[in-house]
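Remarks on the overall topology
As a plain string of letters, each chain reads:
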Amino acid sequence: MEGTETRQRRLEGYGRPAEPGPPPSLSTAGLPETSEDGCLEVPESQGVVPKPVEAEPSAETAWIIGLQVTLPFMFAGLGLSWAGLLLNHFQHWPVFVEVKALMTLVPPLVGLKGNLEMTLASRLSTAANTGQIDDPQEKHRVISSNLAVVQVQATIVGLLAAMAALLLGALAREELDLTKITLLCASSVLSAFLAAFALGMLMVCIVVGARKLRVNPDNIATPIAASLGDLITLSILALVSSFFYRHRDTWYLSPLVCIGFMALIPLWILIAKQNPSIMDILKFGWFPIILAMVISSFGGLILSKTISKHQYKGMAIFTPVICGVGGNLVAIQTSRISTYLHMWSTPGVLPLQMKRFCPNPCSTFCTSEINSRSARVLLFLVVPGHLIFFYIIYLVEGQSLTNSKTFMGLYLLAGLIQVTILLYLAEVMVRLTWRQALDPDNHCIPYLTGLGDLLGTGLLALCFLIDWLLRSKGELGGISELVSVPP
């Protein structure tokens, strides 16, 4: 196929067609060096010689992708299901009842896992696949600088997420006082910091372990980040906010926490400085995660306005699941396309088969090219995955959950629409950012996970509303029939 032929020409030298017979001799002096940002620097006079340890992407069949993705995806779904059950439980805690803006904070703060931890997992996966962490000294430098930059981002974006929740609450005319404002800010900053640290260490262990086992970390790192990210972030947020709520009379506690963690930022910047490419993220990588946080905040506003209404019963349970599944799958695809471009192209130059910025949707899902193949596998996981997660939630919640077949059909359709849109947008956005010589790992995943939160929450609310309207119409029709029957 076209993609395979292009890669074959790369192996045998630029501009020279493949010929039968023995391949040209390869010398170790011709091997390309890996740059700081994961790109392959190739002298003009040399062809691109692949590293002996790397497998050619075309060797990854749909079955291999499916086998490597399915188990982490199901594990992630279990985590998302439990996160939904926890959120359904937490919504009745006094702090969530009293501080309404805390519920608005849930999607952007949980989405911070997608904006930071999934981005971290994608960067580390790309570094692993391009050989940057094979050398022990280089591995220590890459890992420590990546963890440090995540702590800076988590602290600042955690504070901004709290401010966005407060702003949306004010626009919705929710009553707020100084105590609630400081409680929300301190809870958000501390929760984001602790979740980022825990999940960052987990991502390092997973990527390094996958590299040693010769498993593609692109396929497993982001699903596991999704599975534990929602659970850990929600649990930390609930516990931390309840702690500050119980000690709300100690007026200086919440401001002191915010100031203390902000004061640690120079230390993390000092650690991140050892890696120039990571410093570029600190200089230029704020817009994607801040805009993604704003997008997720609108999803949080939808959740906050619907969660207490009887026609949206179950909204708290299914929101983490539908948002998490969409963000999980699109992060896998984005990470895979980014790794493909880092390995087989250079920033600013798109491969021949990816020249079009807005590809035909059929080419995104229906060709034999490796990225199209993985998109099909991920799309096929949506319906069976959601059915399994729905059944698990139904077993735990029982009759308190809607068992309407109409709702289930609408829910599965919403999940398919959400993931289809996100996978197509991933293809478009990765091409655009790569053409601008930007790293898709840092610039695409935040936007896509933020859009996944907004699409998931909005479509889920629409499912509940349509199901309620249909049931209400059916009930009214039944009542009118009984009234019209003569005695």
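Right above here is the structure, for reference.
Each chain has its residues counted from 1, running along the sequence as written. Where local features are concerned, this predicted model is filtered to residues with pLDDT of at least 70; where side-chain atom pairs are given and counted, the filter is 80 or more; whole-chain, interface and lining totals use all residues. Side-chain figures throughout are based on the complete set of non-hydrogen atoms in the structure, without hydrogens or water.

Here we take up the packing of aromatic side chains. We describe a pair of aromatic rings using the distance from one ring centre to the other and the angle between the two ring planes. Each Phe, Tyr or Trp ring (for Trp, its six-membered ring) is paired with any other whose centre lies within 6.5 Å, and the angle between the two planes then decides the class: stacked below 30 degrees, edge-to-face above 60, tilted in between. Within the structure shown, the criterion is met by 15 aromatic pairs. Judged by centre distance (5.8 Å) and plane angle (55 degrees), the ring pair of F73 and F389 falls under tilted. Taken as a pair, F73 in helix α2 (residues 62–90) and F389 in helix α15 (residues 382–397) lie far apart in primary sequence, 316 residues in all. Assigned by exposure class, F73 and F389 land together as buried. Geometrically, the ring pair formed by F407 and Y411 is stacked, given 6.0 Å between the ring centres and 20 degrees between the ring planes. Of this pair, F407 and Y411 both sit in helix α16 (residues 405–435), 4 residues apart, roughly one helical turn. The pair formed by F407 and Y411 is uniform in burial state, with each residue classed as buried. In textbook terms, an aromatic cluster arises when at least three aromatic residues are bridged by ring pairs, as seen for F318, F390, F407, Y411 and F464. A ring is considered to have a charge above it if a Lys NZ or an Arg CZ atom is located within 6 Å of its centre and within 35 degrees of its normal. The residue whose ring lies beneath R248 is Y245, and the NZ or CZ to ring-centre distance is 4.1 Å. Helix numbers and strand numbers start at the N terminus; a helix is a DSSP run of H or I with at least 4 residues, a strand a run of E with at least 2. Classification of residues uses two cut-offs on accessible area relative to the type maximum, computed with a 1.4 Å probe and protein chains only: under 20% is buried, over 50% is exposed, and between them is partly exposed.

Close approach of charged atoms lets side chains of opposite charge pair. We define a salt bridge as a contact between a side-chain nitrogen of Lys or Arg and a carboxyl oxygen of Asp or Glu at a distance within 4 Å. Counting across every chain of the model gives 4 salt bridges. Residue R211 pairs with D134 through a salt bridge whose shortest N-O separation is 3.0 Å. Within this pair, whereas R211 is found in helix α6 (residues 178–212), its partner D134 is found in the loop between α4 (101–129) and α5 (136–171), the two being separated by 77 residues in sequence. A salt bridge links R431 to E427, with the nearest nitrogen and oxygen atoms 2.8 Å apart. One end of the pair is R431 and the other is E427, both in helix α16 and 4 residues apart, which spans about a single turn.

Moving on, we come to the state of the cysteines. What counts as a disulfide here is a pair of cysteine sulfur atoms lying within 2.5 Å. If you walk through the whole model with that rule in mind, you get 0 disulfides. Take C258: it sits in no disulfide, and the sulfur closest to it among the cysteines is that of C185, at 5.5 Å. The buried category is assigned to C258, whose relative accessible area is 14%.

For cavity detection a 1 Å grid was placed over the protein atoms alone, and a set of points counts as a cavity when a 1.4 Å probe fits there but cannot get out; an open set counts as a pocket when protein lies on both sides within 12 Å along at least five of seven lines, with lining residues being those that have an atom within 4 Å of a point. Grid points are joined across faces, edges and corners, and a volume is the space filled by probe spheres set on the points. On inspection of all chains with the given rule, the structure shows 3 cavities of 30 Å³ or more. Forming the boundary of the second largest cavity are 11 residues, of which L112, E117, A192, A195 and A196 lie nearest the centre. Sorting the residues of the lining of the second largest cavity by element identifies α4 and α6 as the ones contributing at least two each. At 5 residues, α4 tops the list of elements feeding residues into the lining of the second largest cavity. Classifying every residue of the lining of the second largest cavity by side-chain character gives 7 nonpolar, 2 polar and 2 charged. When residue character is reported, Ala, Val, Leu, Ile, Met, Phe, Trp, Tyr, Cys and Pro are called nonpolar, Asp, Glu, Lys and Arg charged, and the others, Gly included, polar.

With that settled, consider the side chain of T334. As for its position among the elements, T334 is in helix α12 (residues 315–344). Those residues in contact with T334 that sit more than four places away from it in its chain are A426, V430, P440, C444, I445 and L448. Residue contacts are counted whenever heavy atoms from the two residues lie within 4.5 Å of one another.

By secondary structure assignment, the location of R141 is in helix α5. R141 gets classed as buried once you look at its relative accessible area, which sits at 15%. In this structure the side chain of R141 is engaged in a polar contact, spanning 3.1 Å, whose partner is the backbone oxygen of Q274. Pairing of N or O atoms within 3.5 Å defines a polar contact, subject to two protein rules: one partner must be a possible hydrogen donor and the other a possible acceptor, and residues neighboring in sequence count only if both atoms are side-chain atoms.

Looking at where P446 falls in the secondary structure, it is placed in helix α18 (residues 445–484). C-alpha separation for the pair P446 and G111, spaced 335 residues apart in sequence, amounts to 8.5 Å.

Before going further, it helps to examine α16. Multiply 1.5 Å by the residue count of a helix minus one, and that product is the helix's expected span. The end-to-end C-alpha separation of α16 is 45 Å, in line with the 45 Å expected for 31 residues at 1.5 Å each. With its phi angle positive at about 60 degrees, A437 sits one or two positions after the end of α16.

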